[in-house]
Amino acid sequence: MDKLIITAAICGAEVLKEHNPAVPYKVEEFVREAKAAYNAGASIIHLHVRWDDGTPTQDKNRFKEVMDAIYAEIPDVIIQPSTGGAVGMTDDERLQPLDLTPEMATLDCGTLNFGPVDIFVNTEKTIIYFAEKMNVLGVKPEIEVFDKSMVDTALRLHKKGIIKDPMHFDFVMGVQGGIGGSLRDFVFLRHSIPANATYTVAGIGRFEFPLAMAAIIDGGHVRVGLEDNVFISKGVLAKSNGELVEKVVRMAKELGREIATPNEAREILGLKKK
Ligand code: KMH
Ligand code: ZN
């Protein structure tokens, strides 16, 4: 079984300091949270950025500022910018971090209700536009699926050569409007991807740690972080992204699964060594 790749989704676009004061807004807070996650065992930082007042942005200069500051402290970490951004942003607004040619970026593979009032729009035209830009720039997509239909969309685009091998999926499970977070749903997604594909699982809210456990056992990979869940245990706020990663590392240790370094993660995912 491969070593375990832990991704830390340190910020997100929806969660606020009101939900957990450790959510980063300022550059130094991004560095603090990325470093805490990395020191605990994360090899990938899934990154959204904000302005100092907390407003989410896809501004490429802000991404550059935050990424440069993170790399200055932890040069070997893998930074995976979001191209999902926040609900309501235009395609070209969302695509800006690709101009920095990151090693990886997210590729959201379908539209869904996102909470009680919002819709996260990803038409097939948008998905193809994003995927083709990633191909031209040599950016590896992490295929974000919030439901089984999105796996099917990705597989169809893979068949057409638009999404390339080896595919790497992120099962985002438990969003209100997407697939649930049960073990049955996890097994359904897990068995819907090709044998040569890799996956990570991002359980939202209370699903974060049970699904992490399932993926550790199954040979998959795990995403945790304040974007997905602000609690370390029921009713207890996590002190940092690092604390969430530490919990996954403890779980993996109990189950005998070793943790991947960033370069080991690069090897598993087919990225170039840094
Ligand atoms: N903020 C969500 C609307 C991604 O990072 O690619 C989209 C999202 C997915 O978080
Ligand atoms: Zn995200």
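### A few points about the site of ligand 1
Glu 14, Ser 82, Gly 85, Thr 106 and Asp 108 are the nearest of the 13 residues found near ligand 1. Taking Glu 14, its side chain carries an N or O atom lying 2.7 Å from a nitrogen atom of ligand 1. Within the backbone of Gly 85, an N or O atom sits 2.8 Å from a nitrogen atom of ligand 1. Summarising the interface, the protein chains cover 98% of the accessible area of ligand 1, which totals 300 Å² for the free molecule. Grouping the constituent residues of the shell around ligand 1 by class yields four nonpolar, six polar and three charged.

### Let's talk about the coordination of the zinc ion (ligand 2)
Bound to the zinc ion (ligand 2) are the protein donor atoms His 46 (NE2), His 48 (NE2) and Glu 227 (OE), situated 2.1 to 2.2 Å from the metal. Each donor residue of the zinc ion (ligand 2) belongs to the same chain, with the gaps between them written as H-x1-H-x178-E. With His 48 in the loop between strand S2 (44–47) and strand S3 (49–50) and Glu 227 in the loop between strand S12 (221–224) and strand S13 (231–233), the pair connects residues that are 179 residues apart, well separated along the chain.

### What about the nonpolar core?
Within the largest apolar cluster, 80 residues are counted, with the highest numbers of intra-cluster contacts made by Leu 47, Ile 70, Ile 163, Phe 169 and Phe 171. Each residue touching Leu 47, except ones within four places of it in the same chain, is listed here: Ile 10, Phe 30, Phe 63, Val 66, Met 67, Ile 70, Ile 79, Gln 80, Pro 81 and Ser 82.

### Some points on the packing of aromatic side chains
As enumerated under the stated definition, the model contains seven aromatic pairs in all. Summarising the aromatic geometry, the rings of Phe 120 and Phe 146 are spaced 6.1 Å apart at their centres and angled 80° between planes, so their arrangement reads as edge-to-face. Here Phe 120 is found in strand S8 (residues 118–120), whereas its partner Phe 146 is found in the loop between strand S9 (140–145) and helix H5 (148–159), with 26 residues between them in sequence. Accessibility assignment for this pair places Phe 120 and Phe 146 in one class, buried. Look at Phe 169 and Phe 171: their rings are 6.4 Å apart centre to centre, the planes differ by 35°, and that puts the pair in the tilted class. Of the two residues examined, Phe 169 and Phe 171, each falls in the buried class. The ring of Tyr 25 has Lys 17 sitting right over it, with the charged end atom 4.7 Å from the ring centre.

### Thoughts on the environment of Asn 61
Relative to the helices and strands, Asn 61 is located in helix H2 (residues 60–73). C-alpha of Asn 61 to C-alpha of Gln 96: the two residues are 35 residues apart in sequence and 9.0 Å apart in space.

### Here we look at the side chain of Ser 82
Among the secondary structure elements, Ser 82 is positioned in the loop between strand S5 (78–81) and helix H3 (91–95). In terms of polar contacts, Ser 82 uses its side chain to reach the backbone amide nitrogen of Gly 84, at 2.9 Å. For Ser 82, the contacting residues outside a window of four places in its chain are His 46, Leu 47, His 48, Gln 58, Phe 63, Arg 94, Pro 97 and Thr 106.

### What about the sheet that holds strand S11 (residues 198–203)?
Strand pairing within a sheet occurs via backbone hydrogen bonds; the two strands may be parallel or antiparallel. In space, the eight strands of this open sheet follow the order S5-S2-S1-S12-S11-S10-S9-S6, with parallel pairing throughout. Either end of the sheet is taken by a strand with one partner, and the two such strands are S5 and strand S6 (104–108). Sheet twist, expressed as the mean angle between neighbouring strand axes with direction ignored, is 25°. Where strand S1 (residues 6–9) and S12 come together, three bridges link them in parallel fashion. Note on S12: the bridge partner recorded for Ala 8 is Val 224. The sheet contacts of helix H8 (residues 241–254) involve S1 and S12, and relative to S1 the element is tilted by about 155°.

### Description of the pattern of salt bridges
Enumeration over the complete set of coordinates arrives at 20 salt bridges. A salt bridge links Asp 99 to Lys 133, with the nearest nitrogen and oxygen atoms 3.6 Å apart. In this pair, Asp 99 sits in the loop between H3 and S6 while Lys 133 sits in helix H4 (residues 124–137), placing the two residues 34 residues apart along the sequence. Note on Asp 99: relative accessible area 41%, which makes it partly exposed. Classification of Lys 133 by relative accessible area gives partly exposed; the value is 28%. Of the charged contacts, one joins Glu 243 and Lys 239 as a salt bridge, the two residues approaching to 3.8 Å between their closest N and O atoms. Salt bridges sharing partners connect three or more residues here, namely Glu 144, Asp 170, Arg 223, Glu 227 and Asp 228.

### Section: the pairing of S6
Of all the five residues making up S6, five are buried; the element is thus mostly covered by neighbouring parts of the structure. Of the two faces of S6, the one holding Met 104, Thr 106 and Asp 108 and the one holding Ala 105 and Leu 107 are both buried throughout.

Conventions used here
Per chain, residues are indexed from 1 in the order of the written sequence. All chains are assigned letters beginning with A, and all ligands numbers beginning with 1, in the order in which they are written. The predicted nature of this model means local features are confined to residues of pLDDT at least 70 and side-chain atom pairs, given and counted, to a pLDDT of 80 or more, with totals for whole chains, interfaces and linings taken over all residues. Side-chain numbers here rest on the full set of heavy atoms in the structure, without hydrogens or water. One heavy atom suffices: a residue is near a molecule or strand as soon as one of its heavy atoms comes within 4 Å of it. Contacts described as polar in this section are N or O atom pairs within 3.5 Å, which, within protein, must combine one atom able to donate a hydrogen with one able to accept it, while residues neighboring in sequence count only if both atoms come from side chains. For the area figures, the Shrake-Rupley method with a 1.4 Å probe applies, and any residue is considered shielded solely by the protein chains shown. For this classification, Asp, Glu, Lys and Arg are treated as charged, while Ala, Val, Leu, Ile, Met, Phe, Trp, Tyr, Cys and Pro are nonpolar and the rest, including Gly, are polar. Atoms are scored as donors when they are N, O or S and lie within 2.8 Å of the metal, with 3.2 Å used for Na, K and Ca; no water is included, so coordination may look incomplete. Secondary structure elements follow DSSP: runs of H or I of four or more residues count as helices, runs of E of two or more count as strands, with numbering from the N terminus. Throughout this description, the term nonpolar core refers to a set of buried Ala, Val, Leu, Ile, Met, Phe, Trp, Tyr and Cys residues connected via side-chain atoms within 4.5 Å. We call a residue buried when its accessible area falls under 20% of the maximum for its residue type, exposed when it is over 50%, and partly exposed in between, using a 1.4 Å probe and counting protein chains only. Any two residues having at least one pair of non-hydrogen atoms within 4.5 Å are treated as being in contact. The pairing test for Phe, Tyr and Trp rings, Trp by its six-membered ring, is centres within 6.5 Å, and the orientation test on the planes gives stacked under 30 degrees, edge-to-face over 60, and tilted for anything in between. Remark: a charge is flagged as sitting over a ring if the NZ atom of Lys or the CZ atom of Arg is within 6 Å of the ring centre and within 35 degrees of the ring normal. The pairing criterion for strands is at least two bridges between them, as found by DSSP. Note on geometry: axes are lines fitted to C-alpha atoms, helical ones only across the stretch in contact, with angles between N-to-C directions running from 0 to 180 degrees. Salt bridge, as used here, is a side-chain nitrogen of Lys or Arg placed within 4 Å of a carboxyl oxygen of Asp or Glu.

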